[in-house]
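# A closer look at the structure
Here's the letter readout for the chains.
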Amino acid sequence: MHPGYLFLSVMLSLLSATMVFHAAGRLSTIVVHAILISFLPAGGSLFLSFSGLCRDSSRKALFIHCHLLCMCLLACSLLCVSVNRSLDADFCFERQYIRVLEGRVVYDSSFTESGNHFMRIQLTSCALSGGDTGQASGVVPVVGKEKAVLSAGLDVRLEGSFEGEIFVCDSLSVTRRSILNDWRERIIGLLERRLLGEEYDRSVLLSIRLLLGRADSGRTDIQEKAAECGCAHVLALSGMHLGIIASLGTLVSGKRRRVAQVLSSLLVASFVFIAGPRASLVRAALFFMLSRIPAERRTAIVFVIQCVLFPFTMVEAGCCYGYLAVFAIVHLSPYLDGILHQYVGRLSKLVSASLAVLVFSVPFQMAMNGFWCPAVIIASPVSGLLAGLSMVMGLLLLAFGHLSPVVWADRVVYKAMDRLFDLMLGLPHARWGGYAILLAVPVLLFVLNRIIAGHVIKKKRAS
């Protein structure tokens, strides 16, 4: 693997994080200028290589590769700046006088911890209390008391007022809905009634969240615990859940590859249609669609496509966590696996993947929460397995109804995950000092490996 892709993934991770904190306009500009400065010697080296001063073909290829990576990073930086600016709300009136907003729901709404209705609106217009209307653009977070979940694509009219950056909605009306909204809501309603049955069970509710992406009852205790442990990404719809759905196509079609690909694609498209354009799910779906492209190149391509086609998803914390995990597993995990393999054997891939994700995600967790849990290196893969089992239980409930063995197994999975998070929360938290130790461990192992390898080479030469 080319080391330049590791550098590219680190820089794209930085850009993804700055977009979540609405600082991409400032920090990305700094990154762009840094790239422009480094771009000049790369371009000069490339010119010298073609002029005949450097005749080594491998070095020419290296210069070309670095040159293209710099151009890609430059384009991504400029793209992040434009996305950040396009999402910033812009009004023709002062915020404190605006009483009406009109726009489109960018993805399915949800409920906050206090039970309030939360959504994001892509603005089209605004109005004052006196009736004067004007243009508006960008995306605005909205909080209200509505009980119904609004699906992505609905045009709405909101009445209320701004409190800081958030629009507090007193009343809401749907001005336009498409047939897709009707289909989605009907399908989701049927599936929810099928899954819930006659009894309200927290374990079944978790399975519904993992299958449908719904948050009709607000955040549950297990979601709170997962967030505190640093495992919030496990309960968010992502590549793991999409992989389970796609595997059903292979299971049904058997060894017929083309049939399996078509059926898996249909199942994935249906799953995304029902769950909606959520940030991590959009990223996972793009990765699935571009599966023929090598993973180290696919990460940057998917990042650019999502910025262009689904810019509103890029400012979500879940999207950033997802990209950090993908960048870490694809670009850093192979290096760590090579270091750890001789120490932990077959477990090296699992340990290196968890360690790589921590290396990328801990700074973001520190910025969000002020601490991180070292125990997440164990909790993350185990809770991921339990979340996958919970989703499988949901599929079985959907297929066969509320059979007693399936309901019992679903409750066992839920209790196991809940107790795992309780155990992890009881362990001490860490800060930047703990992160420095985390970084030092693979570095020291790498140095130790180099020393041992050097001694082995010396002995072979001496013999």
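Moving on to the side chain of Asp418. With respect to the helices and strands, the residue Asp418 is situated in helix α14 (residues 404–425). Each residue touching Asp418, except ones within four places of it in the same chain, is listed here: Ile222 and Lys225.

To continue, consider the packing of aromatic side chains. If you walk through the whole model with that rule in mind, you get six aromatic pairs. The interplanar angle of 85 degrees and the centroid separation of 5.0 Å between the aromatic rings of Tyr321 and Phe364 together place this pair among those described as edge-to-face. Of this pair, Tyr321 sits in helix α11 (residues 317–344) while Phe364 sits in helix α12 (residues 348–369), and the two are 43 residues apart along the sequence. Both residues of the pair, Tyr321 and Phe364, count as buried.

This brings us to the pairing of strand β2 (residues 98–105). Inspection of the sheet shows β2 paired to strand β4 (residues 117–128) by seven bridges, in the antiparallel sense. Note that in β4 the partner of Arg104 across the bridge is Gln122. Relative to strand β7 (residues 155–163), β2 runs antiparallel, the two being bridged by five bridges. What sits directly across from Glu102, in β7, is Arg157.

Residue placement: Gly370 occurs in the loop between α12 and α13 (376–400). For the pair Gly370 and His429, spaced 59 residues apart in sequence, the C-alpha to C-alpha distance is 9.9 Å. In contact with Gly370, not counting residues within four places along its chain, are Gln365 and Arg431.

The space that makes up the second largest pocket amounts to roughly 400 Å³. Lining the second largest pocket are 17 residues, and of these Ser265, Val268, Ala285, Phe288 and Met289 sit closest to its centre. Looking at the lining of the second largest pocket, the elements that each hand over two or more residues are α8 (257–275) and α9 (279–289). The element contributing the most residues to the lining of the second largest pocket is α8, with seven residues.

What follows concerns the side chain of His117. Summarising the element assignment, His117 is placed in strand β4. Look past the residues within four positions of His117 in its chain and what remains in contact with it is Ser109, Ser110, Phe111, Val142, Val143, Gly144, Lys145, Glu146, Ala148, Val149 and Leu150.

A few words on α11. For α11, with 28 residues, the first-to-last C-alpha span of 33 Å runs short of the 40 Å given by 1.5 Å per residue. The sharpest bend along α11 comes to roughly 50 degrees, located at Ser333, with the proline Pro334 sitting one to four residues further on. Two residues or fewer after α11 comes Gly345, characterised by a positive phi angle close to 65 degrees.

Thresholds applied
Residues numbered from 1 in each chain as written. Predicted model: local features only at pLDDT ≥ 70, side-chain atom pairs only at ≥ 80, totals over all residues. Heavy atoms only, no water. Helix = DSSP H or I, 4+ residues; strand = E, 2+ residues; numbered from the N terminus. Contact = heavy atoms within 4.5 Å. Phe/Tyr/Trp six-rings, centres within 6.5 Å; stacked < 30°, edge-to-face > 60°. Buried < 20%, exposed > 50% of the residue type's maximum accessible area, 1.4 Å probe, protein only. Pairing = 2+ DSSP bridges. 1 Å grid on protein atoms, 1.4 Å probe; cavity = no way out; pocket = protein on both sides within 12 Å on 5 of 7 lines; lining within 4 Å. Points joined across faces, edges and corners; volume = space filled by probe spheres on them. Expected span 1.5 Å × (residues − 1). Bend = angle between axes of the 7 residues up to and from the residue.

Function cannot be inferred from these measures alone, as they are strictly geometric.
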